[in-house]
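Each chain, written out:
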Amino acid sequence: MTQQKKPIVPCLWFDQEAEEAVSFYSEIFGNGTIHHVSRYKEEGAEHHKNPPGSAMAVSFSLHGQEFLALNGGPMYRHSPGISFYVTCETLEEADKVWKALAEGGNVLMPYDQYPWSEKYGWLNDRYGVSWQISLGKLSDVKQKFVPSLMFVGSKFGKVGDAIDFYLGIFKPSSLEGISRYTEQDPDETGKVKHAQFYLQGNTFMMMESSLAHRFDISPAVSFIITCDKQEEIDYYWDKLTQGEGNAVQCGWLYDQFGISWQVVPRMLTEGMKDPEKARKLTAAFMPMKKLDIGVLEKALES
């Protein structure tokens with residue numbers, strides 16, 4: 001099967017603050033665009049418990065990079081297990097972004113000078129979303145916001161296997177580089193200190209630590225793969241659920257490393273922008289695990 005280069009879109013889960021958070025990020029980072037807002041309707045309110053008219057999902061971009069913000073309720077909480085590494089090319093920008101995100105947030109690593117950056121800090125913002133702010137060059141990372149996965153606890157030692165797993169699924173893909181802990185580092189020598197790789201042109205980072213951390217990977221950040229054909233859906237679904245992966249519902253799944261993915265057809269993404277189509281599509285996909293384009297298309301004909 002021929003696989004084309006295309007974006008893998010991060011989805012951010014919120015309780016009911018998606019619109020507020022998107023406005024907050026657009027103001028902080030600048031160059032933000034809201035593409036579409038879908039809203040909860042009166043019918044079915046007893047199931048989702050969100051006020052009718054409130055945002056269900058907000059499709060937006062920051063500096064040309066796509067995101068989706070979803071109001072799903074209090075089920076999932078954000079975690080430093082998946083953070084976003086943000087490259088700022090001027091000290092003025094880095095200072096501004098750090099100050100704004102730190103207000104009402106929680107600092108994990110102080111904003112200071114480190115061996116890898118003249119200015120760097122790691123924090124959770126007021127909504128719990130985790131960010132690493134770094135002064136550097138965009139040419140080194142290829143994109144403004146890079147998802148960074150941190151393996152701790154039972155996942156420690158599995159970063160190498162995870163990278164091989166993803167490189168084998170997504171095409172084109174490549175490994176930029178891996179740095180490992182040395183005897184001078186406060187962690188297990190030889191394990192992955194930091195790795196950078198590309199999946200279909202999207203930059204990802206991974207780290208692992210054997211130190212005591214009170215967090216794990218959370219479904220509050222998932223990754224959306226948009227497919228044009230059922231063949232693509234079948235491919236990604238089968239590959240990502242292999243091993244100890246697990247099908248969830250409505251196109252969601254966990255892979256064997258606990259990372260959450262959404263494998264969705266483009267026709268569903270487009271159809272959900274129309275209120276009447278959205279009603280029919282929602283009724284059709286709610287009972288599904290892996291999404292079936294044929295069934296969704298028939299639902300639109302009814």
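Attention in this report is confined to the structure presented alongside it.

**Re the pattern of salt bridges**
Right, on to step 1. Inspection of every chain in the model, using the stated rule, returns 9 salt bridges.
Right, on to step 2. For K290, the salt bridge goes to D234, with nearest N and O atoms at 3.1 Å. Within this pair, whereas K290 is found in the loop between α8 (275-285) and α9 (293-301), its partner D234 is found in helix α6 (residues 230-240), the two being separated by 56 residues in sequence.
Right, on to step 3. A residue is classified by how much of its surface remains accessible, and K290, at 31% relative accessible area, is partly exposed.

**Remarks on α8**
Right, on to step 1. Every buried residue of α8 is listed here: A278, L281, A284 and F285. With its buried residues spanning 130° around the axis, α8 presents them on a single face. Exposed residues lying more than 90 degrees from the buried face of α8 are P275 and A283.
Right, on to step 2. Of the surrounding secondary structure, the elements contacted by the buried residues of α8 are α7 (266-271) and α9.

**A short note on the packing of aromatic side chains**
Right, on to step 1. Summed over all chains, the structure comprises 30 aromatic pairs.
Right, on to step 2. Geometrically, the ring pair formed by W13 and W252 is edge-to-face, given 6.0 Å between the ring centres and 85° between the ring planes. You can see W13 sitting in strand β1 (residues 9-14) and its partner W252 sitting in strand β15 (residues 252-254), a full 239 residues away along the chain.
Right, on to step 3. Residue W13 is classed as buried on the basis of its relative accessible area of 9%.
Right, on to step 4. Ring centres of Y114 and Y120 lie 5.4 Å apart, and the angle between their planes is 85°; on these two criteria the pair is classed as edge-to-face.

**Digging into the side chain of S260**
Right, on to step 1. Examined against the element boundaries, S260 turns out to sit in strand β16 (residues 260-265).
Right, on to step 2. S260 sits in the buried class, given a relative accessible area of 2%.
Right, on to step 3. Ignoring anything within four residues of it in the chain, the contact list for S260 reads P219, V221, S222, F223, W252, L253 and Y254.

**Some points on the environment of Q132**
Right, on to step 1. Relative to the helices and strands, Q132 resides in strand β8 (residues 130-135).
Right, on to step 2. The sequence separation of Q132 and S154 amounts to 22 residues, and the corresponding C-alpha distance is 23 Å.
Right, on to step 3. Setting aside anything within four residues of it in sequence, one finds Q132 in contact with S83, F84, Y85, V86, Y120, G121, W122, S148 and M207.

**Structural notes on the environment of K290**
Right, on to step 1. For the pair formed by K290 and V248, sequence separation is 42 residues and the distance between their alpha carbons is 8.4 Å.
Right, on to step 2. Beyond its immediate stretch of four places on either side in the chain, K290 contacts I233, D234, W237 and D238.
Right, on to step 3. At 3.1 Å, the side chain of K290 forms a polar contact with the side chain of D234.

**Looking at the side chain of S79**
Right, on to step 1. Note that S79 resides in the loop between β4 (65-71) and β5 (82-88).
Right, on to step 2. Residue S79 is classed as buried on the basis of its relative accessible area, which comes to 10%.
Right, on to step 3. Within polar-contact distance, the side chain of S79 engages the backbone oxygen of D216 at 2.6 Å.
Right, on to step 4. Residues within four places of S79 in sequence aside, it is in contact with G128, S130, F215, D216 and S218.

Rules and cut-offs
- Residues numbered from 1 in each chain as written.
- Predicted model: local features only at pLDDT ≥ 70, side-chain atom pairs only at ≥ 80, totals over all residues.
- Heavy atoms only, no water.
- Salt bridge = Lys/Arg side-chain N within 4 Å of Asp/Glu carboxyl O.
- Helix = DSSP H or I, 4+ residues; strand = E, 2+ residues; numbered from the N terminus.
- Buried < 20%, exposed > 50% of the residue type's maximum accessible area, 1.4 Å probe, protein only.
- Arc of directions from axis to C-beta.
- Contact = heavy atoms within 4.5 Å.
- Phe/Tyr/Trp six-rings, centres within 6.5 Å; stacked < 30°, edge-to-face > 60°.
- Polar contact = N/O pair within 3.5 Å; in protein donor to acceptor, adjacent residues only side chain to side chain.

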